[in-house]
Amino acid sequence: MAEEDEDEIEEEEIEEEEIVEEEIVEEESEKEASQDSSKEETKSESTEEKKSKGKKRRRKQKQPKIDLNKNPKIKRIVQESERLEDANELKELRDAHNDGTRDLINKIKKIQIEISNVRNQALDYRMKRDQLNKQVQEIKAKKTKLVEFLNDSRSALKKAKSDAKQSPEGQNSRKVGAQIGKIRRKIEFLEKQIETEDLDIHKENEIVDEIDKLERTLQELMKENRKPKQFKEEIDNIRKYRKELAEINDELRKSAEESQNYHLLYLDCSKEIDELRREKRNLQRELNENRYIADIYHQRLIEVSQRLNRRKRLTQKAQYQNKKKIKKEIQRLTLEDAKDKLKKGAKLNIFEARAFLEEKANKAEK
């Protein structure tokens, strides 16, 4: 039961990691979408500030927690990014890390697929192992019953023998048994005598006749000394149970060995899953760092872009004001030329006439 509980916990951990991975991928997709949308140039400072504030809040929520004091590499990148002023360079750095992020996500997805495949294989091995373990328990229960039957038959045979010895038939059987043993020994002695001694034909024939007589007597005594029917039944049962026990022991051994093999395969899968998980954790750590660095460059890009946009608007405003001043100066000079020509009685061109009329209209309005 403890082993099954550990396996269930392991399954839950794998499923939780899958959920976390899906959330990481979704967050990464949202972040990239927000970064792509921020690439467009803003048309007004207020709109740009609102967008940047919204993106800052989203990134602040999704940005992985990294302690800069424990990560000198990222700390150095943060310091270097603060000195970068080229928007194109910042875009290239950010996009490069975004590409790296996509590659890492694909690798994590691939490893997750491998984990799922190995996990399914491990579950299959575990299911077969558990089925065989259940089968082993059933075989053991069957073996226990057979052992009980065997012991019962042995006890019954022992009791039958004890009862037979105490009965008159049993006592007579012991006497007959003693006679049978005596006759057998006598027959063996006579046979050896024929084989070893140099006997004449008459003596040898007498011994042969005596052996024949003893064998007939032996057969009659053996018929009288036949064992009770219960003896035969219990002995047959004992032989049957022993045979069945031998078969069950073979089946039990095979099932136990097969179960152990599946258990070893399951352990191999568990080790492989642990290795894949370690690799996945390393990639996730690298992914978090890569995302963090991409966010650093993206934030710096927003700051530089906002500064450039403000400069551009100021430049455009200055150019517009200068253009207006130049236009007024041209109008003043044209008006002076028109007045000089009127004094001299010369003809005005269209620009001079318009300048003169505009001044006259302005005075009338005042």
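Residues numbered from 1 in each chain as written. Predicted model: local features only at pLDDT ≥ 70, side-chain atom pairs only at ≥ 80, totals over all residues. Heavy atoms only, no water.

Bringing the overall build of the protein chain into the picture now. Counting its secondary structure elements, the protein chain contains eight helices and zero strands. Helices (α) and strands (β) of the protein chain occur, in sequence order from the N terminus, as α-α-α-α-α-α-α-α. A burial count over the protein chain gives 30% of its 366 residues as buried. Contacts in the protein chain between residues at least 24 apart in sequence constitute 84% of all its contacts with a sequence separation of at least 6. Surface accessibility of the protein chain: about 26200 Å² in total, with carbon and sulfur atoms responsible for 49%. (Helix = DSSP H or I, 4+ residues; strand = E, 2+ residues; numbered from the N terminus. Buried < 20%, exposed > 50% of the residue type's maximum accessible area, 1.4 Å probe, protein only. Contact = heavy atoms within 4.5 Å. Areas by Shrake-Rupley, 256 points an atom, 1.4 Å probe, with all protein chains shown as cover.)

A few words now on the pattern of salt bridges. Taken as a whole, this structure holds six salt bridges when the rule is applied. Between R94 and D95 there is a salt bridge, with its nearest N and O atoms 3.2 Å apart. Assessed through its relative accessible area of 0%, R94 is described here as buried. Owing to a relative accessible area of 26%, D95 belongs among the partly exposed residues under this scheme. Between D124 and K128 there is a salt bridge whose closest N-O contact spans 3.5 Å. Of this pair, D124 and K128 are both found in helix α4 (residues 87-166), four residues apart, which corresponds to roughly one turn of the helix. By relative accessible area, D124 is classed as partly exposed at 25%. Residue class for K128 comes out partly exposed when judged on its relative accessible area of 29%. (Salt bridge = Lys/Arg side-chain N within 4 Å of Asp/Glu carboxyl O.)

This part is about the environment of D295. Mapping D295 onto the fold places it in helix α7 (residues 229-344). Between the alpha carbons of D295 and H97 there is a distance of 9.2 Å; along the sequence they are 198 residues apart.

In this model, helix α8 (residues 350-365) (16 residues) spans 22 Å end to end at C-alpha, consistent with the 22 Å of a helix rising 1.5 Å per residue. Of all the residues in α8, the buried ones are E352, A355 and E359. Summarising the axial view, the buried residues of α8 lie within an arc of 65 degrees, below the 170-degree limit, and thus occupy one face. Exposed side chains of α8 directed beyond 90 degrees from the buried face belong to I350, R354, L357, K360, A364 and E365. (Expected span 1.5 Å × (residues − 1). Arc of directions from axis to C-beta.)

Our focus in this paragraph is the packing of aromatic side chains. Evaluated as defined, the whole model comprises two aromatic pairs. On the basis of an interplanar angle of 35 degrees and a centroid distance of 6.1 Å, the ring pair of Y125 and Y262 is categorised as tilted. Within this pair, whereas Y125 is found in helix α4, its partner Y262 is found in helix α7, the two being separated by 137 residues in sequence. In terms of burial, Y125 and Y262 fall into one category: buried. Consider the rings of F149 and Y241, whose centres lie 5.8 Å apart with planes at 35 degrees: the pair is tilted. Here F149 is found in helix α4, whereas its partner Y241 is found in helix α7, with 92 residues between them in sequence. In this structure, R129 is placed above the aromatic ring of Y266, and the distance from its NZ or CZ to the ring centre is 5.2 Å. (Phe/Tyr/Trp six-rings, centres within 6.5 Å; stacked < 30°, edge-to-face > 60°. Lys NZ or Arg CZ within 6 Å of the ring centre and 35° of its normal.)

Here we come to the side chain of T101. Among the structural elements, T101 can be located in helix α4. Its relative accessible area of 0% is what places T101 among the buried residues. At 2.8 Å, the side chain of T101 forms a polar contact with the side chain of N290. (Polar contact = N/O pair within 3.5 Å; in protein donor to acceptor, adjacent residues only side chain to side chain.)

All of the buried residues in helix α3 (residues 72-81) are I74, I77, V78 and S81. End-on, the buried residues of α3 take up no more than an arc of 100 degrees, which puts them together on one face.

What follows concerns a negative patch on the surface. There is a patch of like negative charges on the surface, built from E188, E191, E195, D198, D200, E206, D209, E210, D212 and E215. Top element by residues in the negative patch is helix α6 (residues 201-224). It accounts for five residues. Mapped onto the fold, D209 is located in helix α6. (Patch = residues over 30% accessible without salt bridge, like charges linked within 9 Å, V, L, I, M, F, W, Y side chains within 5 Å. Lys, Arg positive; Asp, Glu negative; His and termini not counted. Charge placed at Lys NZ, Arg CZ, Asp CG, Glu CD.)

For the rest of this paragraph, the subject is the confidence of the model for the protein chain. Across the protein chain, pLDDT averages 75, with 74% of residues at or above 70. Taken element by element, the protein chain is modelled with least confidence in helix α1 (residues 2-37), mean pLDDT 45, and with most confidence in α4, mean pLDDT 88. Considering only residues more than four positions removed or in separate chains, one finds that residues 1-51, a stretch of pLDDT under 50, has 70 contacts. Note that pLDDT drops below 50 for residues 55-61; the model gives that stretch nine contacts with residues more than four away or on any other chain. (pLDDT = per-residue confidence, 0-100.)

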